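# Structure assessment
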Amino acid sequence: MIAEFGLVCLWLAAALAGLQLVAGLLGLKSGWEGLAVLTRPAALVQALLCLVSFLTLVVLFARTDLSVALVAANSHSAKPMVFKLSGTWGNHEGSMLLWVTVMSVAGGLIASVERRLPERTMLATLGAQAFVALGFYAFLLFASNPFERLPSPPPEGNGLNPLLQDIGLAFHPPTLYVGYVGLSVAFSFVVGALLTRQVTPDFAKAMRPWVLGAWLFLTLGITAGSYWAYYELGWGGWWFWDPTENASLMPWLAATALLHSASVLAARDALRAWTVMLGVIAFSMSMVGTFLVRSGILTSVHAFAVDPERGGFILALLAINIGMALALFATRAGTVAEGERFSVLSREGALVINNVALSAILGVVLLGTLYPLLTEAFDVRVSVGPPYFNPVTAIFALPMLLVLAVGPLLRWRGDKLARVRWPMVALAVLGLVVLAGVALLSDVGLLPLLGFAVAAVVLVGSLLPLKGRNLLRLPLATWGMVVAHFGVGIALFGMAADTAFQTERLVAANVGDVIEVGPWSARLESVAPVAGPNWTALEAAIAVRHGDGAETLTHPQARSFWSPPTETSEVSLVTRWNGQLYVALGDQAQDGRWQLRLWWKPFVTWIWYGGLLIALGGVLALLGRVLTDVRRRRASTLIAARRGDAEVAA
Amino acid sequence: MNRLRLFLWGLVAACLALFGLFAYQLSQPKDEFIQSAMVGKTIPQFDLRPAIEGLPGLSSADLADGRPKLVNVFASWCIPCRVEAPQLDALQRGGAEIVAIAIRDRPEDLAQFFATYGNPFSAVGADDVSAVQLSIGSSGVPETFVVDGQGVIRYQHIGEIRPEHVPLLQAKLQEAGA
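The sections below set out a description of the structure shown in this document. Sequence order sets the numbering: in each chain, residues are counted from 1 along the sequence as written. Just so you know, chain letters begin at A and ligand numbers begin at 1, following the order they were written in. Two thresholds apply to this predicted model, a pLDDT of at least 70 for residue-level local features and 80 or more for giving and counting side-chain atom pairs, whereas whole-chain, interface and lining totals are computed over all residues.

## Quick look at the packing of helix 10 (residues 243-268) of chain A against helix 13 (residues 347-376) of chain A
Residue and element names in this part refer to chain A. Packing of helix 10 against helix 13 leaves a shortest axis separation of 9 Å and a crossing angle of 160°. As summarised for this structure, helix 10 and helix 13 are arranged roughly antiparallel, according to the angle between their axes. The element helix 10 and its partner helix 13 pack so that their crossing is left-handed. Contacts from P243, N246, L249, M250, L253, A254, T256, A257, H260, S261, V264 and R268 in helix 10 reach E348, L351, N354, N355, L358, S359, I361, L362, V365, L366 and T369 in helix 13. Each residue belonging to the contact of helix 10 with helix 13 can be placed in one class, and the counts come to 13 nonpolar, eight polar and two charged. In this description, a line fitted to the C-alpha atoms serves as the axis of each element, helices being fitted only across the stretch in contact, and the angle between N-to-C directions of two axes falls anywhere from 0 to 180 degrees. Only DSSP runs of H or I with at least four residues qualify as helices, and only runs of E with at least two residues qualify as strands; both kinds are numbered from the N terminus onward. Each angle gets one of four labels, with under 35 degrees taken as roughly parallel, over 145 as roughly antiparallel, 65 to 115 as roughly perpendicular, and the rest as oblique. Two helices cross in a left-handed way if the nearer one is turned anticlockwise from the farther one by less than a right angle. They cross in a right-handed way if the turn is clockwise. For every residue pair, C-beta atoms are placed from the backbone, and the pair is scored as a contact if these atoms sit within 7 Å. For this classification, the nonpolar set comprises Ala, Val, Leu, Ile, Met, Phe, Trp, Tyr, Cys and Pro, the charged set comprises Asp, Glu, Lys and Arg, and every other residue, Gly included, is treated as polar.

So, in structure tokens, the structure goes:
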């Protein structure tokens, strides 16, 4: 009965989304205002029902109810509880249910807390949100029902892909989903503003927390995904330009641009058309990414629920949503006036450069990801990898990061060169000194060399806005910006250092052999079998020592899961403040020696520390914006109340 | 504002074109096989020892003796190889000369395999580390190559030979000069 209850809730939620769409959009027409009052309650109840439906599925997974097809296909009674729960969204149907759940909860939140926008724009926004959601409800109910029963339950489930049985990955997809869905909310705001011709600073302010939230989750999701690929795949790399990675990077690039242009629109009423454009693009990129990953149209190491029929469904949703939004934008282009003017040397000017560069990088990544698909139509097979992506993205990214270092020092609207000349000269000198120093002292490639110089400029430049300010009175949003920009510098430094200075050893070792890698020496002590709850493994004991330091014992494993049978490599990592030793155990050769791969990766962890700092910046900014809103609202109710008292007294 | 409008309609058109491409690619059957880049080229030099007693091994020189042949890449441990055995038999009875490369195999297993499924091969070379297999651009078992009398690879068939493939392979052999 539990599964049927979940399905009923889902159908009811879909029906309420239909009501929300009709009430929201018809309520805009004169004579139909009566309907409009239904919009907010419909959004709220829909959120509740969808949440209940999702929790129902969680319960089914927790109890390993094998009469439900999805549970039987993706779970197993021997699996640890946390992975049973994460199995709920570790598959196509469950993840789509999570998607609509997050989406409807976001809709419910907008309906209950957003008070800044004109009521008509709110109605249109909620209507647009219901429209997008309905597409996904249809997808779930007609093409991927998560609650489908099996006529005869199997005795045991089919397990979960063991690669995905990892705590990092259990929370990586939902994090990205929250990001994607947040962008769908921004998209709804854009459509609402276009429908009612209200592309105003208030629209940007209402949309901004959602973009910030989405961007924050995407940042976390990408950082976690990169770390997962690094330690779980056993290849020692942190970014592969795989289509699946690009699918999450593209919405992030668009969201980063949108975040910055929304700030300009909110503060200065400029870049209206550009903000609208980015709002549409950011959501398109989430959908394009989902489509590329799910349809199996591109071959990827992450092969995930490949099904052309589902691909067709997502493609149809993509075409309908994006096609209609762009067409709406085109017909309303005349009403999205240009907004305020500004000079090139101004905060807006720097943000425009940032936006153009981010869009260019987005274009480069999109082209590289889709290029094999394009040539395949002409029967030519190519694969596009780091030799294209690394230099071509760097051409735009490195200058953009230089602008990032000085942009926040500039004033809005227009600034004088004389005022910012000295900080700019100082940053330029710093960059050149680092460039010359690294080039003289070591023999590194061009990209990491430039990376070091730009990282130094960004690290120092990002702190300059703090100069001369009272740190205790600095707005949280400004703190957020400083922390995020500083994180960019940290991450860039980590990337440059790892690329320039990592050392790798691939050896066949006997027990007792000592292997030198970078400043480390490692001695293979033993290899012995061990057993876990649903796997067995060969585990090596390797004593590693940094320089003359103390010995540490590490235990890399070659692990075999038995349901379904899969081999994974559990690498062991020894982390120091200045980098990581990465040890992976491979096969045994015929002569009894063990294949070992060791990397010394200087400062590689700084890449993810940087990612976390960027996300922390997002948290601070979001907190700052929300607290300011709450305070302002409280003040205005207070003023209204006093005015009311005064009127009564009069 | 006219320029913005023009740009936007252009973007709508570009998106539709892109979605069209997606739809087209989605409707295409996904081809998971990678054709060998060696088709049309001379087979690389190799000399494989006999994989089983009683039959000669295989070298690249054997493939340039003027008679076109089928080269079957197979293994006794490979399930689809069992499926294609009757078709190889039919081809051999139809007059085709078939030689084989046995991948990572053992003589006793091969003897068992031939006892059960018959042996259509006139020579079987042992490729213990897949070196020859990789050099001719074969990525799995079974695969069958048509090699002409000069030792040039003319055609590659990936996967097991099913009954409907027999005429095609015969035609390819004809083209190669049989």
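## Describing the environment of S122(B)
All names here are of chain B. Its location among the elements puts S122 in the loop between helix 4 (107-117) and strand 5 (123-127). The class for S122 is partly exposed, based on 15 C-beta atoms found within 10 Å. Remark: the alpha-carbon pair of S122 and E97, spanning 25 residues in sequence, is separated by 7.2 Å. With near-sequence residues (within four places) excluded, S122 lies in contact with E97, I98 and V99. Neighbour counting defines burial: a residue surrounded by 20 or more other C-beta atoms within 10 Å of its own C-beta is buried, one with 12 or fewer is exposed, and intermediate counts give partly exposed, using backbone-placed C-beta atoms.

## Re the sheet that holds strand 8 (residues 572-576) of chain A
Residue and element names in this part refer to chain A. Here a strand pair is declared whenever DSSP counts at least two bridges between the two strands. Pairing within the open sheet is antiparallel, and its four strands lie in the order 1-10-9-8. Lying at the two open borders of the sheet, with one neighbouring strand each, are strand 1 (503-509) and strand 8. Neighbour to neighbour, the strand axes of the sheet diverge by 15° on average, direction disregarded. Pairing of strand 9 (residues 579-588) with strand 10 (residues 594-602), which is carried by eight bridges, proceeds in the antiparallel orientation. What sits directly across from V583, in strand 10, is L598.

## Quick word on the interface of chain A and chain B
For interface size, the figure often reported is the accessible area lost on association. Every contact between the two is made by 23 residues of chain A and, on the other side, 17 residues of chain B. When residues in the side of chain A that touches chain B are grouped by element, the largest group, twelve residues, is from helix 12 (residues 308-332) of chain A. Per-class residue counts for the side of chain A that touches chain B are 16 nonpolar, six polar and one charged.

## What about unusual backbone geometry?
Residue P142(B) is reached from V141(B) by a cis peptide bond, and omega for that bond is -10°. Of note in the backbone geometry, R413(A) takes a positive phi value of approximately 70° without being a glycine. Residue R413(A) is classed as partly exposed on the basis of its C-beta count, with 16 C-beta atoms lying within 10 Å.

Without other data, these values stay purely geometric and don't point to any function.
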